[in-house]
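Letter by letter, the chains look like this.
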Amino acid sequence: MNVTLRQLHVFQAVAATRNFSRAGDAVGLTQPAVSRSITELEAQLGLKLLHRTTREVELTEAGRSLAARLPRLLDELEGMLLDVRGMGSARRSRVRVASSPTLSAHLMPECIARCREALPGVELLLLDRIQNDVLASVLSGEVDFGVVIDPSDRDALHCEPILTDPFCLACPPGHRLAAKARVRWADLAGESLVLLDHASGSRRLIDQALAAQAVPHAVAQEVGHATTIFRMLDAGLGISVIPTLAVPPEGLPRLAVRPLVPRVDREIVLARRRHRELAPMAQAVWELVGQVARQRKGLSAG
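Cut-offs applied
Residues numbered from 1 in each chain as written. Predicted model: local features only at pLDDT ≥ 70, side-chain atom pairs only at ≥ 80, totals over all residues. Heavy atoms only, no water. UniProt positions renumbered as here; feature names shortened; annotations may be inferred. 1 Å grid on protein atoms, 1.4 Å probe; cavity = no way out; pocket = protein on both sides within 12 Å on 5 of 7 lines; lining within 4 Å. Points joined across faces, edges and corners; volume = space filled by probe spheres on them. Nonpolar A, V, L, I, M, F, W, Y, C, P; charged D, E, K, R; others polar. Salt bridge = Lys/Arg side-chain N within 4 Å of Asp/Glu carboxyl O. Helix = DSSP H or I, 4+ residues; strand = E, 2+ residues; numbered from the N terminus. Phe/Tyr/Trp six-rings, centres within 6.5 Å; stacked < 30°, edge-to-face > 60°. Buried < 20%, exposed > 50% of the residue type's maximum accessible area, 1.4 Å probe, protein only. Lys NZ or Arg CZ within 6 Å of the ring centre and 35° of its normal. Pairing = 2+ DSSP bridges. pLDDT = per-residue confidence, 0-100. Patch = residues over 30% accessible without salt bridge, like charges linked within 9 Å, V, L, I, M, F, W, Y side chains within 5 Å. Areas by Shrake-Rupley, 256 points an atom, 1.4 Å probe, with all protein chains shown as cover. Axes fitted to C-alpha atoms, helices over the stretch in contact; angles between N-to-C directions. Parallel < 35°, antiparallel > 145°, perpendicular 65-115°, else oblique. Left-handed = near helix turned anticlockwise from the far one by under 90°. Contact = heavy atoms within 4.5 Å.

- Looking at an unreviewed UniProt entry, one finds the protein chain named DNA-binding transcriptional regulator, LysR family and attributed to Paracidovorax wautersii.
- Word for word, the UniProt comment on the protein chain under Sequence similarities (unreviewed entry) is "Belongs to the LysR transcriptional regulatory family."

Okay, structure coming up:
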């Protein structure tokens with residue numbers, strides 16, 4: 001049997017994302033290369049690991065068994081190889097961190113700058129990706145850890161909460177809700193909403209909050225980035241529920257931003273593979289990101 005580490009990493013990424021294109025993005029391969037790697041792995045094992053259709057990828061029973069046992073085995077092997085090569089004690093270390101767009105824009109720049117000052121022997125490389133791809137890159141081992149929004153499935157992850165971020169309302173200044181100091185979720189009833197799409201880690205939480213408050217609404221547009229939402233609200237296409245962290249420090253001069261009550265938070269966490277200990281320099285960056293986030297929380301509370 002001639003199974004390669006690359007084949008196993010590719011399978012792990014496909015199992016995590018259920019999508020060949022996203023798995024390819026996570027491991028740096030094209031979709032055909034991912035498909036070829038899976039086919040070669042199945043040939044070496046002599047069994048099918050995946051059921052492929054034009055719309056989705058499903059694991060076979062054998063695929064589910066391999067996907068459940070593979071992360072720990074890969075973690076142990078990679079940890080042993082890192083120890084042998086002495087990478088953990090290298091004079092200059094490269095730490096790769098993935099984060100979702102809002103966090104990449106409004107949290108990570110300060111972390112990178114602080115890293116340059118506090119850890120001059122470390123090069124922090126940021127991968128700016130949608131939440132699903134951040135999680136896939138963590139599980140595949142492409143990055144040391146990720147900064148994400150409250151993952152719904154944490155079975156294969158070790159997570160450390162670092163910040164809570166409340167949702168707020170953004171609307172044109174002439175909108176009826178702009179006159180309120182605080183806006184109740186129930187006040188959104190009947191409004192057309194421009195929301196982050198389901199690739200965002202926040203959308204699931206926004207939908208849950210709207211459902212919990214029994215708010216009837218229409219989704220006018222679904223977009224990938226908060227800046228797109230702001231332009232659509234400028235054009236009068238509706239109002240939005242956004243994370244407070246998405247509001248630039250200078251504010252939104254052409255929009256009104258109001259707190260929503262009752263307060264609903266999204267939890268921001270650091271995430272790494274459950275059975276993999278970080279190398280010393282990666283652990284130092286992990287702690288630095290947590291420190292920056294906690295300081296930001298303290299400033300917000302003040």
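Structural notes on empty space enclosed by the protein
Here the idea is plain: a probe the size of a water molecule rolls over the atoms and shows the empty space left.
Part 1: If you walk through the whole model with that rule in mind, you get one cavity of 30 Å³ or more.
Part 2: Estimates place the volume of the largest cavity at around 30 Å³.
Part 3: Taken together, Val138, Val143, Asp144, Arg272, Arg273, Arg276 and Leu278 form the lining of the largest cavity.
Part 4: Across the lining of the largest cavity, the residue classes tally to three nonpolar, no polar and four charged.

Quick notes on the pattern of salt bridges
Part 1: With the rule as written, the count across this model stands at 16 salt bridges.
Part 2: Salt-bridge contacts for Arg203 lead to Glu222; the nearest nitrogen and oxygen are separated by 2.8 Å. In this pair, Arg203 is assigned in helix H8 (residues 203-212) and Glu222 in strand E9 (residues 218-223), connecting sequence segments 19 residues apart.
Part 3: One salt bridge connects Arg231 with Asp234, and the closest N-O pair in it is separated by 3.1 Å. A residue pair is termed a helical-turn pair when its members lie 3 or 4 positions apart in one helix, as Arg231 and Asp234 do in helix H9 (residues 226-234) at three residues.

With respect to the packing of aromatic side chains
Part 1: On inspection of all chains with the given rule, the structure shows one aromatic pair.
Part 2: Here Phe145 and Trp286 contribute two aromatic rings whose centre-to-centre distance is 5.3 Å and whose plane-to-plane angle is 70°, an arrangement assigned as edge-to-face. A residue pair is termed long-range when its members are at least 10 positions apart, and Phe145 in strand E5 (residues 145-149) and Trp286 in helix H10 (residues 280-301) qualify at 141 residues.
Part 3: Taking relative accessible area as the criterion, Phe145 reaches 0% and is therefore assigned buried.
Part 4: When the ring centre of Trp286 is taken as origin, the NZ or CZ atom of Arg272, which lies over that ring, is 5.9 Å away.

Considerations on the pairing of strand E6 (residues 157-171)
Part 1: Burial analysis of E6 places eleven of its 15 residues in the buried class, the great majority of the element.
Part 2: Across four bridges, E6 lies against strand E10 (residues 240-243) in antiparallel orientation. Considered in E10, the bridge of Phe167 is made with Pro243.
Part 3: As paired strands, E6 and strand E11 (residues 256-261) are joined by four bridges and run antiparallel to one another. Within E11, the residue paired with Ala170 across the bridge is Val257.

Observations regarding the confidence of the model for the protein chain
For any part of a model where pLDDT is low, the fine detail of the predicted coordinates should not be relied upon.
Part 1: Across the protein chain, the average pLDDT comes to 88, with 93% of residues at or above 70.
Part 2: Averaged pLDDT values over the elements of the protein chain bottom out at 77 in helix H4 (residues 61-85) and peak at 97 in strand E7 (residues 183-184).

As for a nonpolar patch on the surface
Part 1: On the surface, Met1, Leu45 and Leu47 cluster together into a nonpolar patch covering about 310 Å² of accessible area.
Part 2: Take Leu45: it is sitting in helix H3 (residues 31-45).

Some points on the packing of helix H1 (residues 5-17) against H3
Part 1: In the contact formed by H1 and H3, the axes pass within 9 Å of each other and the chain directions differ by 115°. Classified by the angle their axes make, H1 and H3 are roughly perpendicular. For H1 against H3, the interelement crossing comes out left-handed. When H1 is examined against H3, the residues Arg6, Gln7, Leu8, Val10, Phe11 and Val14 are found in contact with a partner set consisting of Val34, Ser37, Ile38, Glu40 and Leu41.
Part 2: Considering only residue class, the contact of H1 with H3 consists of seven nonpolar, two polar and two charged.

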